Amino acid sequence: MLMPKRVKYRKPHSHPRIKGPAKKGTAIAFGEYALKALEPKWVTARQIEAARVCIGRHLKKGGKLWLRVFPDKAVTKHPAETRMGKGKGAPDHWVVVIRPGRVLFEIQGLTREAAQEALRVAAYKLPIRTRFIERERI
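### Some details on the overall build of the protein chain
Across its full length, the protein chain holds two helices and seven strands. Listed by position from the N terminus, the elements making up the protein chain come as β-β-α-β-β-β-β-α-β. Along the first, second and third principal axes, the C-alpha atoms of the protein chain reach 55 × 30 × 25 Å. Residues classed as buried in the protein chain amount to 34% of the 138 residues present. Within the structure as shown, the protein chain displays about 9,400 Å² of accessible surface, and the carbon and sulfur contribution to it stands at 53%.

Written out as structure tokens, the structure reads:
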């Protein structure tokens with residue numbers, strides 16, 4: 001599971017600004033084909049891992065995969081059946097804040113149809129709408 005080795009603050013504030021388009025990571029930087037987010041949402045480390053495994057099954061040994069997002073925000077929770085109050089809960093899982101336009105995964109070394117199928121299956125594992133994009137040829 002993806003998570004930071006260490007963080008400056010163990011319990012971050014819960015709601016960063018999620019409105020508006022992504023400011024960086026909006027273009028293909030490494031591979032030929034990519035999956036781009038169309039909605040704002042938190043994506044958990046488990047969801048990223050599930051999508052990564054799906055893409056890996058399609059790649060076999062033929063291609064390369066780049067993860068362009070990393071879950072660096074802790075989400076806290078109180079245990080079940082705990083009374084109100086007593087401060088903020090313990091860190092429970094990790095998420096990444098996704099804004100529209102952000103590139104999530106990039107792949108290379110597959111045909112266009114195979115890449116489209118791999119990213120389509122991975123998109124089912126994510127809680128947001130996505131779009132298949134490809135690098136512009138110059």
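Now that the structure is up, let's keep going.
### Focus on the nonpolar core
By size, the foremost hydrophobic cluster in this structure holds 23 residues, and its most contacted members are Ile98, Leu104, Phe105, Ile107, Leu119 and Leu126. Of all the secondary-structure elements, those providing two or more residues to this core are strand 1 (33-37), helix 1 (45-59), strand 5 (90-98), strand 6 (103-108) and helix 2 (112-124). Among the elements that make up this core, the one with the highest residue count is helix 2 (five residues). Excluding its chain neighbours within four sequence positions, the residues that come into contact with Ile98 are Ile18, Ala37, Glu39, Pro40, Lys41, Val43, Val69, Leu104 and Ile128.

### Thoughts on helix 1
For helix 1, with 15 residues, the first-to-last C-alpha span of 21 Å sits near the 21 Å given by 1.5 Å per residue. Looking only at helix 1, the buried set comprises Ala45, Ile48, Ala51, Cys54, Ile55 and Leu59. Packing partners of the buried residues in helix 1 comprise strand 2 (41-44), strand 3 (64-67), strand 5, strand 6 and helix 2. One or two residues past the end of helix 1 sits Lys60, with phi positive at roughly 50 degrees.

### Quick notes on empty space enclosed by the protein
Applying the stated rule across the entire model yields one cavity of 30 Å³ or more. In terms of lining residues, the largest cavity is bounded by Val43, Ile48, Val69, Val96, Ile98, Leu104, Phe105 and Leu126. Looking at the lining of the largest cavity, the elements with two or more residues in it are strand 5 and strand 6. Looking at the lining of the largest cavity residue by residue, the class counts come to eight nonpolar, no polar and no charged.

### A look at the pattern of salt bridges
Overall, the coordinates contain five salt bridges when judged by the stated rule. We note a salt bridge from Arg120 to Glu117, for which the minimum N-O separation is 2.7 Å. Linking Arg120 with Glu117, this pair stays in helix 2, spanning three residues, or about one helical turn. With a relative accessible area of 40%, Arg120 lands in the partly exposed category. The class for Glu117 is partly exposed, based on a relative accessible area of 31%.

What counts and how
Residues numbered from 1 in each chain as written. Predicted model: local features only at pLDDT ≥ 70, side-chain atom pairs only at ≥ 80, totals over all residues. Heavy atoms only, no water. Helix = DSSP H or I, 4+ residues; strand = E, 2+ residues; numbered from the N terminus. Buried < 20%, exposed > 50% of the residue type's maximum accessible area, 1.4 Å probe, protein only. Areas by Shrake-Rupley, 256 points an atom, 1.4 Å probe, with all protein chains shown as cover. Core = buried A, V, L, I, M, F, W, Y, C linked by side-chain atoms within 4.5 Å. Contact = heavy atoms within 4.5 Å. Expected span 1.5 Å × (residues − 1). 1 Å grid on protein atoms, 1.4 Å probe; cavity = no way out; pocket = protein on both sides within 12 Å on 5 of 7 lines; lining within 4 Å. Points joined across faces, edges and corners; volume = space filled by probe spheres on them. Nonpolar A, V, L, I, M, F, W, Y, C, P; charged D, E, K, R; others polar. Salt bridge = Lys/Arg side-chain N within 4 Å of Asp/Glu carboxyl O.

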